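# Secondary and tertiary structure notes
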Amino acid sequence: MATHLSKALAALAAAASFTHCAIAQPTLAEVVVTASRIEQSVQDALPSTTLITRRQIEQAQTPDLATLLRRVAGLDIAQGGGAGSVSSTFLRGAESRHTLVLVDGVAVNNLNFGTPALEHLPLADVERIEIVKGNVSSLYGSTAVGGVIQIFTRQPGPTPQASFSVQGGSRGLAHASGSGSVKLPSGTGLRATVEALRDNGFNMIRQDQRPGTNPDRDGYRRRSQSVAVTQDLGADQSVAWTLRDAKGTIGFDSQFGPANQVDESRFHERGASLSGKFRLGDVRVNALASRSEDELDTDLTAFPFFVHSRSDSAQLDAEWQLRPGHRVTAGLEHTRQRLRSDTVYDRTERTLVGGRLGYALDTASHQLQLNVRQDSYSDFGSATTWLAAYGLRLTDAWRVNASASTGFTAPTFNDLYYPFGLGNPDLRPERTKSAEVGLQYAVEGHDLRATLFENRFTDLIASDAFFRRLNIGRARTRGLELAYHGRVLGTEIHAGFTRQDPRDLDTDTRLLRRASTLAQVAVARELGGWQLGGNLRYTGPRDDSGVPSNNRVRMGSFTLLDLTAAYRLSSAWSVFARVENLFDRDYQTIYGYQQAGRGVFAGVKWQPGL
């Protein structure tokens, strides 16, 4: 750890020296809320936080959320094929079930597997994405031990807006989206977005690694829509109603059944929420009532099945500013979870109640964040978690910070109640202890951060030799993460490097599908009416389980380059194009499944000034 720290300090100091000499361009402070559940600039957040803005989403040009998130330092995604295929998110080497995904504050993680369906969340209506890396279970409860990805949808603004875009290209991709918003003199805001995507896909399966599967193309279809209605109440108070809906089909290849069998699943993801922001004297109060549903119906396969889940939740949050630089937060949550399936689970619903308290200090030299949370489940019991983080501003530009925290991940319905004696109702929640230390250099136009992190996981839930779920696992992830965001000589740069050791402590082997080295750099530059960009990404070698022998197999490293270009024809019209995997690399993120080769895409966008 000392060697890593010295190298990090040297690299950060060298980079800071360079950026200090570069032309820094003043920018407005970008505000985030996920790291502490209060508004603060992204540079002031003590937990490591990355912000993806709407402008960056449009620069990337991709309609696929999983592709966009691969640009984030310390975040890796394994996917069983192309667009729409099942994805697993690894934040700093943690398990995919250890990342919580929220849409406007509402959790969307699947109830029977505990993982989010990132592959089905459209980008057309996304305003920004905040990624907090590290354990924040004391803020959000179960699952947030690896981090949180929070997606914020677009809301009606003060001026009317309208846009429409269409694009197409390789593998028969056709994508169209349109949106519009208006705010009436009465303070009522209206916004709507529609989107349709078709991707004919490619053969996702490697027949030499998974024999007996259909070598056909595995396509993807999605249609989505969202609606938002807001009402300003004056005095910084408002209410909002939002509705989102996405459904479609995804082709896949099962090893069960004849090799010419066509397999297809239908999905339906939807959510609705009613929220309000109020002021009671010096106290800010946020209220949220929501419903989140996901449905998976696999009718066209050798062994059909369906599983539907629903979460109904109510939240009440309060923030009180004692005096400048001192804020107290509190929150209460109640959630009821239900599962419906043709598999007869031993139990199909449960409730959970959570309460939290927090304190945030922010003065000229010192920052402090304290959080504690209690979660009680109706089926397996309760869990208490905490976080303590401190930051010291050495100068106006330099800050050192450190944190320690605990967390937990609740057993899923599959873990607890799967029939045939495979589920185990006596399971305990998985436990996490985390620590990190960081050094940050932030001036106008530049933000560099180096972080050393370590997470220890106990009571990990895994299957024994008879496939029964037990608390039998221990793991540790530790590593060094470097990240830079800024503008140098007119070029916007986002770069990251992660060196990590995600390790199974019982077998002393690296955790499956996790690389020890991740690196990426994205650049964007405007030249007259042109906007040019590129993204270079390296992922080191990883191990996975072989099929059918279940022995460890090595998947090689890969380097990918994507390029984008856009040209403004007029104040309303622009054309754009991108090339993904420019050098047509053949690579895998899951053994037995291949990723897309080179893809070329182009489109046109209309966005008038109203």
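The structure contained in this document is the topic of the report that follows. (Residues numbered from 1 in each chain as written. Predicted model: local features only at pLDDT ≥ 70, side-chain atom pairs only at ≥ 80, totals over all residues. Heavy atoms only, no water.)

### Structural notes on the pairing of strand S20 (residues 366-377)
Heads up, the condition is: For every residue, the accessible area obtained with a 1.4 Å probe (protein chains only) is divided by the maximum for its type, and the residue is called buried under 20%, exposed over 50%, and partly exposed between those limits. Labels follow the DSSP assignment, with helices taken as runs of H or I lasting at least four residues and strands as runs of E lasting at least two, numbered in each case from the N terminus. Pairing between strands requires that DSSP locate at least two bridges from one strand to the other.
The alternating pattern of S20 places Gln367, Gln369, Asn371, Arg373, Asp375 and Tyr377 on a buried face, while none of His366, Leu368, Leu370, Val372, Gln374 and Ser376, on the opposite face, is buried. In this sheet, S20 lies alongside strand S19 (residues 349-362) in antiparallel orientation, the contact comprising eleven bridges. Within S20, the residue paired with Tyr359 across the bridge is Leu370. Where S19 hands over to S20, the hairpin turn is made up of three residues, counted between the paired strands. What sits between the antiparallel neighbours S20 and strand S21 (residues 381-393) is a turn of three residues.

### Quick word on the pattern of salt bridges
Definition in use: Salt bridge criterion: a side-chain nitrogen from Lys or Arg within 4 Å of a carboxyl oxygen from Asp or Glu.
Enumeration over the complete set of coordinates arrives at 45 salt bridges. We note a salt bridge from Glu492 to Arg55, for which the minimum N-O separation is 2.7 Å. In this pair, Glu492 is assigned in strand S26 (residues 491-504) and Arg55 in helix H2 (residues 54-60), connecting sequence segments 437 residues apart. Residue classification places Glu492 among the buried residues on the basis of a relative accessible area of 7%. Ionic pairing is found between Arg393 and Asp362, a salt bridge with its closest N-O pair at 3.1 Å. Taken together, the positions of Arg393 in strand S21 and Asp362 in strand S19 put the pair 31 residues apart, joining distant regions of the chain.

### Things to note about a nonpolar patch on the surface
Operational definition: Each patch is assembled from residues with relative accessible area greater than 30% and no salt bridge, linking like charges that lie within 9 Å and nonpolar side chains (Val, Leu, Ile, Met, Phe, Trp, Tyr) that lie within 5 Å. Here, Shrake-Rupley sampling with a 1.4 Å probe gives the accessible areas, and only protein chains in the shown set may cover a residue.
On the surface, a cluster of nonpolar side chains totalling about 890 Å² of accessible area is made up of Phe164, Val166, Leu527, Trp530, Leu532, Tyr567, Leu569, Trp573, Val575 and Trp606. Structurally, the position occupied by Val575 is in strand S33 (residues 573-580). Given a relative accessible area of 31%, Val575 falls into the partly exposed group.

### Comments concerning the environment of Ala519
How we decide: The contact definition used throughout considers only heavy atoms, calling two residues in contact when any of these lie within 4.5 Å.
As for its position among the elements, Ala519 is in strand S28 (residues 517-527). Residue classification places Ala519 among the partly exposed positions, given a relative accessible area of 24%. Taking the C-alpha atoms as reference, Ala519 lies 26 Å from Ala404; in sequence the two are 115 residues apart. Excluding residues within four positions of it along the chain, Ala519 makes contact with Gly496, Phe497, Leu536, Arg537 and Tyr538.

### Observations regarding the nonpolar core
Note the following rule: Residue types Ala, Val, Leu, Ile, Met, Phe, Trp, Tyr and Cys, when buried and joined through side-chain atoms within 4.5 Å, form a set referred to as a nonpolar core.
Counting 22 residues, the largest nonpolar core has Leu65, Leu69, Ile129 and Ile131 as its most contacted members. Within the residue set of this core, elements represented by two or more residues are H2, helix H3 (65-69), strand S4 (75-79), strand S6 (99-103), strand S8 (126-133) and strand S9 (147-153). Looking at this core element by element, the count peaks at four residues for H3. In contact with Leu65, other than residues within four places in its own chain, are Leu118, Leu121, Leu123, Ile129 and Ile151. Membership of the second largest hydrophobic core comes to 13 residues, among which are Ala45, Leu102, Ala144 and Val148.

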